[in-house]
Each structure stands twice: as C-alpha cells, then as structure tokens.
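Read off the chains here:
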Amino acid sequence: MQTHEIRRRFLDHFVRAGHAEVPSASLVLDDPNLLFVNAGMVPFKPYFLGQETPEHATATSIQKCVRTLDIEEVGITTRHNTFFQMAGNFSFGDYFKEGAIRHAWSLLTSSVDDGGFGIDPGLLWVTVYLDDDEAYGIWRDVVGVPEGRIQRRGMADNYWSMGVPGPCGPCSEIFYDRGPAYGVEGGPEADEDRYIEIWNLVFMQNERGEGTGKDAFEILGPLPKQSIDTGMGIERVAFLLQGVENVYETDLLRPVIDTAERLSGTRYGVDSASDVRFRVIADHARTAYMLISDGVTPGNEGRGYILRRLLRRIVRSVRLLGATGDTMAEFMATVKEAIGPSFPETIAGYERIERIAVAEEIAFLKTLESGTQLFERAAEEARESGAATLSGRQAFALHDTHGFPIDLTLEMAAEAGLQVDEAGFRSLMSEQRARAKADSRSKKHAHADLSVYRDFLDAGETVFTGFTELTDESTLL
Ligand code: ATP
Ligand code: MG
Ligand code: MG
Ligand code: MG
C-alpha cells in the first residue's frame, strides 16, 4: 500500500467516526522553546491545557514532524527518520481509553476492502503502563488480545507528560512483529527492532506535579476533562505494509536512494557502511526539502544550523559514495516527485527550495575543495610523528586558512582513524577572538574576507552545541 493511500485511509477512518480533519501545521511554530514541531499534538496544546476551546470535540490530522534527537539513529536503525509524518486522532474531553483503543485496532486490522490496513491481529503486541488495569482490561476483554501479547512497562516507556503544570497520563503502544528473522522472541520489552512500534495512544488523565526527568515527577489528582492524543508513524506503517526492510526503502524515500546510486556509481545493498550513507542521504534530502519549504534557510545557529548540517552531510555522504559533481538539484527534484503530491505547497515553492539547497552545496564544495589537501597533509604528519591525534594548531590552521569548520575536521579525522585536540583548537579560537575584538576596537577589519564557514565558527560556542546535538562522528560514516 502506497504512502498516499495510508494517509488517506487514516484520515477517512477518523472522519467517518466524526472527527474534524485538520491540516498539518508548519514545522516551524512561533515558539522559541521548540526547534521544530515534533509530535502531532503540538498544534493542539492550547486545547489540552484548557487555554482555548476547540471547535470540535474530536479531530484528526497528519502532522509534519522533525526530531533532531533521532538524527543519530538515522540510517542505522530501521525505523527513525528526522522528518516523518505523524498521523493522529484527538479527543478533547470526548471519548477516552476504550474509544481510542477500538479506533486504532479497527483501522489496523480491518480488511483492505473495509478501508483498513488489513494487518493480521496475530502480529500485533501492545504495551500498557504498569498499573493501568483499565487499559489492560480493554485490550484483553474488549479487543481480545491474548494476555501473552500484552506487556506492562514503566514510566520511561509508558507515561507521558507535557511539563509543569500540565496534563499527564499513561500510554499504551501498539507494536508489529516482523518475525524471528529480525530478532528474539519476547515482545517489545525484549527487542524493539523485531517488534516495531507503530502507534502510541496517550491517555491524559492526571495533573502533573513537580519533578524533573521523564520518569521522576509527581502525579497529582485527576484532570477535570480526560483527553486522548495518539500518534501513528506513517513511514513505519508504510515500511511494514510495503514489505521492505526499513523506512528508507518505502515508496517516498527509495527514489532518493536510486538517484544516489546513479550519481555515485555505487550500488545500494552491497556494503553496509555505504548503505548507511544512502539511507542518510534519502532521509536528510527529504528533511531539508521540507524545512526549506517551511521557511528555514541555512545559517549558523538554531534551525538554520540544523538545516546546514543536513545539507552538508548529504554532500559529504554522496561524495564518499563516489559522486564527483554536484548532486543537490537532482536530490531535491527526486524528493519533489515523491512527496510533492502529499504537500502541493512544496511544488508551488519548488524553485526556491532548489535554489537554497543548491547554494549551500556550492558554498560547501568550495570549502571542501580548498581544505581537503591541507587536511590530508596534516593527517599524514600526525601519522608520521606516531600521534593518533591532530593537534589543536592543525585544526586551527584548517579553519583559519581554509574556513574548514571544526565539525568537518572531526568528521574527517574520525574517518581517518584520528582524534582531534578540540580543547587546543578552542583555546586558539578564543585567542583569535580576543585579538579580533582588540582589532575591531582599533577599527581594523581583520575578518573582511571570511568564507561562509568562518562566520559560523566565529559565532562561538553555539557551533559546538549544535554539533553535539546533531552528529556523532561514529554515525557520520
Ligand atoms: P521509538 O521508541 O521507536 O523511538 P517513540 O516512542 O519515540 O518511537 P512516539 O514519541 O511515541 O515515538 O511517537 C509516536 C509515533 O510516531 C511512534 O509510535 C512512531 O510510529 C512514530 N515515530 C516516532 N519517532 C519517529 C521517527 N524518528 N521516524 C519515524 N517515525 C517515528
Ligand atoms: Mg524515539
Ligand atoms: Mg518508543
Ligand atoms: Mg512511543
């Protein structure tokens, strides 16, 4: 079943049950605390908090989401995208646990002819929060899931909250068993690669009290109105229904892998390190496309920095696979072809998306070209002197002479089996900053010819924070 159809069936199922269909909000909301929308319920927050009254008691949507926290999983696990579509149904004081459970089960297991996904109920497992006997009872007695396929899990997995003060409550999740070829028996508690989480049902029933951390807060009395928030991953359902191996091989992302094969001359499915690169390219190309469409432009901090990292990682990855020319325009065109029909506004704004992505590629290729030779010389020197570390001075020289960003040096050093003296690099950077300050006080413009990456290095600590959040050398390869 194609992704467009999975989307349509989801919405139709809930509209038939009286839900108002709400379009996806932008990935970027006017909220300084939220980098990107990362769940379907985000646009409905004011209703759950009782700050606004919803027009309808129940709603359904397919929300665009970006989770930067999952970046390190991309290409490595079978199930994590940075951009994905979260399908949800919401009840604002209307139906509660039994309604949410029945709706989800019937969509997943109804036959394709009856508008469902036609999943064999024997492949589905469910989890409930430790003491949520009510949900346990509904799964067992109303739906008929055998006790052997219902697991109880603790707060870290099965308890949800939205900050203090705010609603909180237990959740119940639905998993799909891919079979013994994919891991050990024993349900999601034993193996989340074999048992793929597809749907999270959140039962908002209590007020959250003080305490920090995902599993260390107080649960206060009941809410005046119990509510439902659910999230089903469209890409995950697509990968399972399409019989492919992971979310990157579904109908919406596989075409990008095919384009990368063509541009690089390397085959997908032959070498596992290359395959991770192919999957990273597919994922990041789509995320970059969607972010630009929602108004993000490459920059040196915050949202723009995330986008910049994604675009640069595509460029690096495809070159490591063997491409020599520019590739970005082809990747963007491929993404448009695949996802455009679901998001027509991206087709209308395509020219701009391509222009911004391609400009970043051109700037980055320039940096790469000028710095690579010097990097190789530095690596050679380090090896010859028997050190497994590039000195802070060498990293600084790369930056200072070629505008080579430290994250790129770290990335390339990791590939070459070398460490980098980051502390030494930073201390030279702050010396330089101090000098620049003194210079500018005396009205000299020492930095007039900064290349694009010098700017963001000079921005200081934010760069390093972004790097830590976004990448891990071990997963960049
Ligand atoms: P996981 O444990 O697999 O990381 P999660 O528990 O973090 O998933 P939720 O926050 O419960 O996910 O989100 C609801 C649903 O959204 C999930 O059940 C899944 O189907 C989907 N989903 C979550 N994260 C991703 C992602 N990075 N890529 C694709 N789909 C996702
Ligand atoms: Mg997760
Ligand atoms: Mg989970
Ligand atoms: Mg979950």
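Predicted model, so just to flag it, every value in this text is computed and none were measured.

About the cut-offs
- Residues numbered from 1 in each chain as written.
- Chains lettered and ligands numbered in written order.
- Predicted model: local features only at pLDDT ≥ 70, side-chain atom pairs only at ≥ 80, totals over all residues.
- Helix = DSSP H or I, 4+ residues; strand = E, 2+ residues; numbered from the N terminus.
- Rg over C-alpha atoms; globule rule 2.2 N^0.38 Å.
- Buried ≥ 20, exposed ≤ 12 C-beta atoms within 10 Å, placed from the backbone.
- Contact = placed C-beta atoms within 7 Å.
- Axes fitted to C-alpha atoms, helices over the stretch in contact; angles between N-to-C directions.
- Parallel < 35°, antiparallel > 145°, perpendicular 65-115°, else oblique.
- Left-handed = near helix turned anticlockwise from the far one by under 90°.
- Nonpolar A, V, L, I, M, F, W, Y, C, P; charged D, E, K, R; others polar.
- Core = buried A, V, L, I, M, F, W, Y, C linked by C-beta atoms within 7 Å.
- Domains from an automatic or database assignment.
- Right-handed = clockwise from strand over helix to strand, strands pointing away.
- Pairing = 2+ DSSP bridges.
- Arc of directions from axis to C-beta.
- Near = placed C-beta within 6 Å.
- Expected span 1.5 Å × (residues − 1).
- pLDDT = per-residue confidence, 0-100.

### Quick word on the overall build of the chain
Secondary structure assignment for the chain yields 17 helices and eleven strands. For 477 residues, the compact-globule formula gives about 23 Å, and the C-alpha radius of gyration of the chain, at 25 Å, lands near that figure. Seen along its three principal axes, the alpha-carbon backbone of the chain occupies a region of about 75 × 50 × 45 Å. Taken over 477 residues, the chain has a buried fraction of 44%. Of all intrachain contacts in the chain linking residues separated by at least 6 positions in sequence, the fraction that spans at least 24 positions is 70%.

### Considerations on the packing of helix α7 (residues 254–264) against helix α10 (residues 328–339)
Two elements in contact, α7 and α10, have axes separated by 9 Å at closest approach and are oriented at 155°. One element, α7, and the other, α10, form an angle in the roughly antiparallel class. Crossing of α7 against α10: the hand is right-handed. Contact with α7, carried on its side by Pro255, Val256, Thr259 and Leu263, involves Glu330, Phe331, Thr334, Val335, Glu337 and Ala338 of α10 and no other residues of that element. When the residues that make up the contact of α7 with α10 are grouped by side-chain class, the tally is six nonpolar, two polar and two charged.

### Notes on the nonpolar core
Counting residues in hydrophobic clusters, the biggest one holds 102 residues, and the most contacted among them are Ala104, Val256, Ile281, Ala285 and Ala288. Per-element tally for this core: the top contributor is helix α8 (residues 272–293), with ten residues. Residues lining this core come from more than one domain, with at least three contributed by each of domain 1 (3–241) and domain 2 (253–368). Leave out the neighbours within four places in its chain, and Ala104 touches Ile174, Trp199, Leu201 and Thr230.

### A look at the environment of Val184
Here Val184 is to be found in the loop between β7 (167–177) and β8 (195–208). Remark: the alpha-carbon pair of Val184 and Asp251, spanning 67 residues in sequence, is separated by 28 Å. The contacts of Val184, once residues within four sequence positions are left out, are Ala190, Asp191 and Arg194.

### Here's the deal with the pairing of strand β5 (residues 150–153)
Taking every second residue as pointing to the same face, the buried face of β5 carries Gln151 and Arg153, while none of Ile150 and Arg152 on the other face is buried. Assessed by its sense of winding, the connection that carries the chain from strand β4 (residues 124–129) through helix α4 (residues 133–143) to β5 is right-handed.

### Digging into the pairing of strand β2 (residues 58–66)
Where burial is concerned, most of β2 is hidden: nine out of the nine residues are buried. Burial along β2 is two-sided: the face carrying Thr58, Thr60, Ile62, Lys64 and Val66 and the face carrying Ala59, Ser61, Gln63 and Cys65 are both buried. In this structure, strand β1 (residues 20–22) lies alongside β2, joined through three bridges in parallel fashion. Each residue of the ladder has a partner; that of Ala20, found in β2, is Ala59. As judged from the nine bridges shared by β2 and strand β3 (residues 83–92), these two strands associate in the antiparallel manner. When the bridges of β3 are listed, Ser61 appears paired with Gly88.

### Description of the domain arrangement of the chain
Split by domain assignment, the chain resolves into domain 1 (3–241) and domain 2 (253–368). The straight-line distance from the C-alpha centre of domain 1 to that of domain 2 is 29 Å. Listed by partner, the interface residues are 15 residues for domain 1 and 16 residues for domain 2. Taken together, the elements giving at least two residues each to the side of domain 1 that touches domain 2 come down to α1 (3–16) and β2.

### Observations regarding α7
If you check which residues of α7 are buried, you get Val256, Ile257, Thr259, Ala260, Leu263 and Ser264. One face of α7 carries all of its buried residues, which in axial projection span an arc of 160°. For α7, the secondary structure elements touched by its buried residues are α8, α9 (302–320) and α10. Positive backbone phi, at 75°, marks Gly265, one or two positions downstream of α7.

### Re the site of ligand 1
Every one of the 17 residues lining ligand 1 counts as a neighbour, but Asn81, Phe84, Asn200, Gly231 and Gly233 are closest to it. Tallying contributions element by element places β8 first for the shell around ligand 1, with four residues. Partitioning the shell around ligand 1 into residue classes produces six nonpolar, five polar and six charged.

### Comments concerning the packing of helix α12 (residues 350–384) against helix α13 (residues 392–402)
Close contact between α12 and α13 brings their axes to 10 Å; oriented N to C, the two are set at 155°. What the angle tells us is that α12 and α13 run roughly antiparallel. Once α12 is placed against α13, the crossing between them reads as right-handed. When α12 is examined against α13, the residues Thr367, Ser370, Gly371, Leu374, Phe375 and Ala378 are found in contact with a partner set consisting of Gln394, Leu398, Thr401 and His402. Residue classes in the contact of α12 with α13 are distributed as four nonpolar, six polar and no charged.

### Looking at the environment of Gly295
If you trace the backbone, Gly295 turns up in the loop between α8 and α9. The spatial distance from the C-alpha of Gly295 to the C-alpha of Ile353 is 9.2 Å, given a sequence separation of 58 residues.

### So, α9
In a regular helix each residue adds 1.5 Å, so 19 residues correspond to 27 Å; α9 covers 27 Å between its end C-alpha atoms and thus fits that length. Most of α9 is tucked away, with 15 of its 19 residues classed as buried.

### Points about the environment of Thr287
Relative to the elements of secondary structure, Thr287 occurs in helix α8. Separated by 204 residues in the primary sequence, Thr287 and Phe83 have C-alpha atoms spaced 5.0 Å apart. Non-local contacts of Thr287, meaning those with residues more than four positions away in its chain, are made with Val66, Thr82, Phe83 and Leu310.

### Considering the confidence of the model for the chain
When pLDDT is averaged along the chain, the result is 89; 92% of the residues meet or exceed 70. Every residue in residues 444–477 is under pLDDT 50, and counting partners more than four places away or in other chains gives 48 contacts. Scored by ipTM, the complex comes to 0.99, with pTM at 0.87.

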